[in-house]
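Structural characterization, general
Here is what each chain is made of, one letter per residue.
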Amino acid sequence: GAGVSQSPSNKVTEKGKDVELRCDPISGHTALYWYRQSLGQGLEFLIYFQGNSAPDKSGLPSDRFSAERTGGSVSTLTIQRTQQEDSAVYLCASSYRGDQPQHFGDGTRLSIL
Amino acid sequence: DQQVKQNSPSLSVQEGRISILNCDYTNSMFDYFLWYKKYPAEGPTFLISISSIKDKNEDGRFTVFLNKSAKHLSLHIVPSQPGDSAVYFCAASARGSQGNLIFGKGTKLSVKP
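Now for a description of the structure that goes with this document.

1. Observations concerning the interface of chain A and chain B
- Taken together, the contact pairs 19 residues of chain A with 19 residues of chain B.
- Summed over both partners, the interface of chain A with chain B comes to about 1500 Å²; 57% of that surface belongs to carbon and sulfur atoms.
- When the buried area of chain A at its contact with chain B is split by residue, Leu-43, Pro-101 and Phe-104 of chain A rank highest and sum to 28% of it.
- Put simply, chain A and chain B have zero salt bridges between them.
- At the junction of chain A with chain B, the criterion picks out four residue pairs in polar contact (both at pLDDT 80 or more).
- Going through the elements one at a time, β4 (31-37) and β5 (43-50) of chain A are the ones with two or more residues in the side of chain A that touches chain B.
- By residue class, the composition of the side of chain A that touches chain B is eight nonpolar, eight polar and three charged.

2. Remarks on the sheet that holds strand β1 (residues 4-5) of chain B
Residue and element names in this part refer to chain B.
- If you trace the five strands from one edge of the open sheet to the other, you get β1-β3-β8-β7-β6, paired in antiparallel fashion. Lying at the two open borders of the sheet, with one neighbouring strand each, are β1 and β6 (56-59).
- The pairing of β6 with strand β7 (residues 62-67) spans four bridges and is classified as antiparallel. The residue bridging Glu-58 from the neighbouring strand is Thr-63, located in β7.

3. Considering the environment of Gly-98 of chain A
Residues and elements named next belong to chain A.
- Topologically, Gly-98 is positioned in the loop between β8 (88-95) and β9 (103-104).
- Gly-98 gets classed as buried once you look at its relative accessible area, which sits at 15%.
- The spatial distance from the C-alpha of Gly-98 to the C-alpha of Leu-60 is 19 Å, given a sequence separation of 38 residues.

4. Quick look at the environment of Ala-31 of chain A
All names here are of chain A.
- You can see Ala-31 is positioned in strand β4.
- A relative accessible area of 0% means that Ala-31 is categorised as buried.
- Through-space distance from the C-alpha of Ala-31 to that of Gly-98 is 5.6 Å; in sequence the pair is 67 residues apart.
- Ignoring anything within four residues of it in the chain, the contact list for Ala-31 reads Tyr-48, Phe-49, Gln-50, Arg-69, Ala-93, Ser-94, Ser-95, Arg-97 and Gly-98.

About the criteria used
Residues numbered from 1 in each chain as written. Chains lettered and ligands numbered in written order. Predicted model: local features only at pLDDT ≥ 70, side-chain atom pairs only at ≥ 80, totals over all residues. Heavy atoms only, no water. Contact = heavy atoms within 4.5 Å. Buried area = accessible area lost by both parts, 1.4 Å probe. Salt bridge = Lys/Arg side-chain N within 4 Å of Asp/Glu carboxyl O. Polar contact = N/O pair within 3.5 Å; in protein donor to acceptor, adjacent residues only side chain to side chain. Helix = DSSP H or I, 4+ residues; strand = E, 2+ residues; numbered from the N terminus. Nonpolar A, V, L, I, M, F, W, Y, C, P; charged D, E, K, R; others polar. Pairing = 2+ DSSP bridges. Buried < 20%, exposed > 50% of the residue type's maximum accessible area, 1.4 Å probe, protein only.

This is the structure we're talking about:
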């Protein structure tokens, strides 16, 4: 499949642990986004990568959240010292350019015990 | 404060009839609007978009209407099919902000056979 791939699909961890979520965007897409969806809510923007430009981190809720995009392709979202309110579905999307429709992966469902 | 609002959490329609999903926005800088469809345990799927220079865009059974003066857009699905049953998200961006989307909370559409 040529879609956006995310791993793991589900992650359960204890409060206080660090987690890493991975996203493989569609090949050739220069823009990559992370969103999260909490129960009963819409998607909340977290961070945006466009090519080699500095990422737009304006949506990250705290300094416990960080993301990297290596080689302009794969991205990793890291949450340190997880809290119960971090429980959500984390969705990654990519687009050919920043002004094109975004295509989403199926997300990682994160549960913090 | 929500910049993108979908005031109907759910909508039920008979198969073959028209489904109309509504969305309101508050930010006059938004100039690009999209509709996404989401099935359970899957990522959102792009349906249709519209730029603020247009007031209508049509793609098969899906038509999006934009009323800039009212800051309102709607998605029409006709004829509705049972496979259209899903959660529909309205999203908006100001392309000068490089494409991160602001989402509504979604409307769950049920199309009954």
